[in-house]
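Commentary on secondary and tertiary structure
These are the residues of each chain, in order.
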Amino acid sequence: MTSERFVTIADVPLQGDVDVETTLASIPADFTTKGMFFNRYVAALGAEWEELLPSLSDPAKHGRYHAFESYSLRDYVRVFDRVARARFPGSTREAFRLLARGEIEVFSESTLGKVAFALVREPGALLLRFPDLFKMVTRASECSAKRLGARRVAVTYPRYHGAAEQALGLVEGLVQTFDEEPRVDVTIDPDRRIVFDVTW
């Protein structure tokens, strides 16, 4: 098996499908994310939320997740997958990417996010802070960031658990926060090491 490499431009869609069951199987059972990321998706699902409940391991009572409590990342990906497919019909790889970009807005509106975003003035500074911010809201795959130029930062996951398209959307969303257009050179190794070489 060889490495996969491709370059993305913000307005050029990805093609293909995300195998959500394979994706879920790659996520350790103890990985978590904060409730703030669940709530708008529960609202978006409406009556479908009840249909999804039997597949969740730790659903919140009445669909109300507490913003800074931790919940199953597998549950989150199930909810995210359902909303992504409904909101962006067609390529689910592109749907995951587009929906993930909006996660930045959710975080930036939180108290923690407001503080973090107040301290940075350009995409590179925020991308360099991304690994620490990511740790604050998830227990998930570790990552690091390194500046490679004035308008270039590499974000590396030594071993990524989940859908790469979701992680891609996050880094693109960080750049777009500053009204810049990201270009990402993506490398996915067979051992799930992922590098996002981001320029803008």
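Scroll up for the structure.
The present account deals with the structure reproduced in this document. Residue indices follow the written sequence of each chain, beginning from 1 at its first position. The predicted origin of the model limits local features to residues at a pLDDT of at least 70 and limits the giving and counting of side-chain atom pairs to 80 or more, whereas totals for whole chains, interfaces and linings rest on all residues. Each side-chain value is derived from all of the structure's non-hydrogen atoms; neither hydrogens nor water enter the calculation.

1. Quick notes on the pairing of strand 7 (residues 183-188)
Direction of pairing for strand 1 (residues 4-9) relative to strand 7: antiparallel, over a ladder of six bridges. Of the residues in strand 7, the one forming a bridge with Phe6 is Val186. Strand pairing is defined by DSSP finding a minimum of two bridges between the two strands. Strands are runs of DSSP state E lasting at least two residues, helices are runs of H or I lasting at least four, and both sets are numbered from the N terminus onward. Counting the residues that bridge the hairpin from strand 7 to strand 8 (residues 194-199) gives five residues, and of these Arg192 lies at a positive phi of roughly 75°.

2. Observations regarding the environment of Arg101
Positionally, Arg101 belongs in helix 5 (residues 92-101). The spatial distance from the C-alpha of Arg101 to the C-alpha of Glu172 is 6.5 Å, given a sequence separation of 71 residues. Leave out the neighbours within four places in its chain, and Arg101 touches Ala10, Gly169, Glu172, Gly173 and Gln176. Engagement of the side chain of Arg101 in a polar contact is seen with the backbone oxygen of Ala10, the distance being 2.9 Å. Should any heavy atoms of two residues lie within 4.5 Å, those residues are counted as being in contact. We call two N or O atoms a polar contact when they sit within 3.5 Å, provided that within protein one can donate a hydrogen and the other can accept it, with sequence-adjacent residues counted only if both atoms are side-chain atoms.

3. Some details on empty space enclosed by the protein
With a 1 Å grid spanning the protein atoms alone, the term cavity applies to any set of points in which a 1.4 Å probe fits but cannot get out, the term pocket to an open set with protein on both sides within 12 Å along at least five of seven lines, and the term lining residue to any residue with an atom within 4 Å of a point. Grid points are joined across faces, edges and corners, and a volume is the space filled by probe spheres set on the points. The final tally for this structure, using the stated rule, is one cavity of 30 Å³ or more. Here the largest cavity defines a volume of roughly 380 Å³. In terms of lining, the largest cavity is formed by 25 residues, of which the most central are Thr33, Glu103, Phe134, Thr138 and Leu170. Looking at the lining of the largest cavity, the elements that each hand over two or more residues are helix 4 (73-87), helix 6 (103-108), helix 8 (123-137) and helix 9 (164-176).

4. Points about the sheet that holds strand 7
The strands making up a sheet associate through backbone hydrogen bonding, with each pair oriented either parallel or antiparallel. One open sheet accounts for five strands, arranged 1-7-8-6-5; its pairing is antiparallel. Each edge of the sheet is formed by a strand with only one pairing partner; in this case those strands are strand 1 and strand 5 (144-149). Between one strand axis and the next, the sheet turns through 15° on average, direction left out of account. As defined by bridge partners, strand 6 (residues 152-157) adjoins strand 8 across six bridges and the pair is classed as antiparallel. Looking at strand 8, one finds that Val153 is bridged to Val198. Docked against the sheet, helix 8 engages strand 5, strand 6 and strand 8, running at close to 170° with respect to strand 5. Strand contacts of helix 9: strand 1, strand 6, strand 7 and strand 8, with the helix running at about 25° to strand 8, the strand carrying the most contacts. Here an axis means a line fitted to C-alpha atoms, over the contact stretch when the element is a helix, while the angle between two N-to-C directions is reported on a 0 to 180 degree scale.

5. A short note on the pattern of salt bridges
A pairing counts as a salt bridge when a side-chain nitrogen of Lys or Arg comes within 4 Å of a carboxyl oxygen of Asp or Glu. Evaluated as defined, the whole model comprises 16 salt bridges. Between Glu165 and Arg93 there is a salt bridge, and its shortest N-O distance comes to 2.7 Å. One end of the pair, Glu165, is in helix 9; the other, Arg93, is in helix 5, and 72 residues separate them in sequence. Whether a residue is buried, partly exposed or exposed follows from its accessible area with a 1.4 Å probe, protein chains only, as a fraction of its type maximum: under 20%, in between, or over 50%, in that order. Exposure remark for Glu165: the relative accessible area of 12% places this residue in the buried category. Look at Arg93 and you get buried, because its relative accessible area is 15%. Between Arg101 and Glu172 there is a salt bridge, and its shortest N-O distance comes to 3.0 Å. With Arg101 in helix 5 and Glu172 in helix 9, this residue pair connects regions lying 71 residues apart in the sequence. Judged by relative accessible area, which is 14%, Arg101 ranks as buried. Shared partners join several salt bridges into a network, and the residues in it are Glu94, Arg97, Arg101 and Glu172.

6. Concerning the sheet that holds strand 4 (residues 138-139)
A sheet is described by the order of its strands in space; here three strands give the open sequence 3-2-4, paired in antiparallel fashion. Two strands bound the open sheet, and with one partner strand each, they are strand 3 (70-72) and strand 4. Bridge count for strand 2 (residues 32-34) against strand 3 is three bridges, and the pairing is antiparallel. Each residue of the ladder has a partner; that of Thr33, found in strand 3, is Tyr71.

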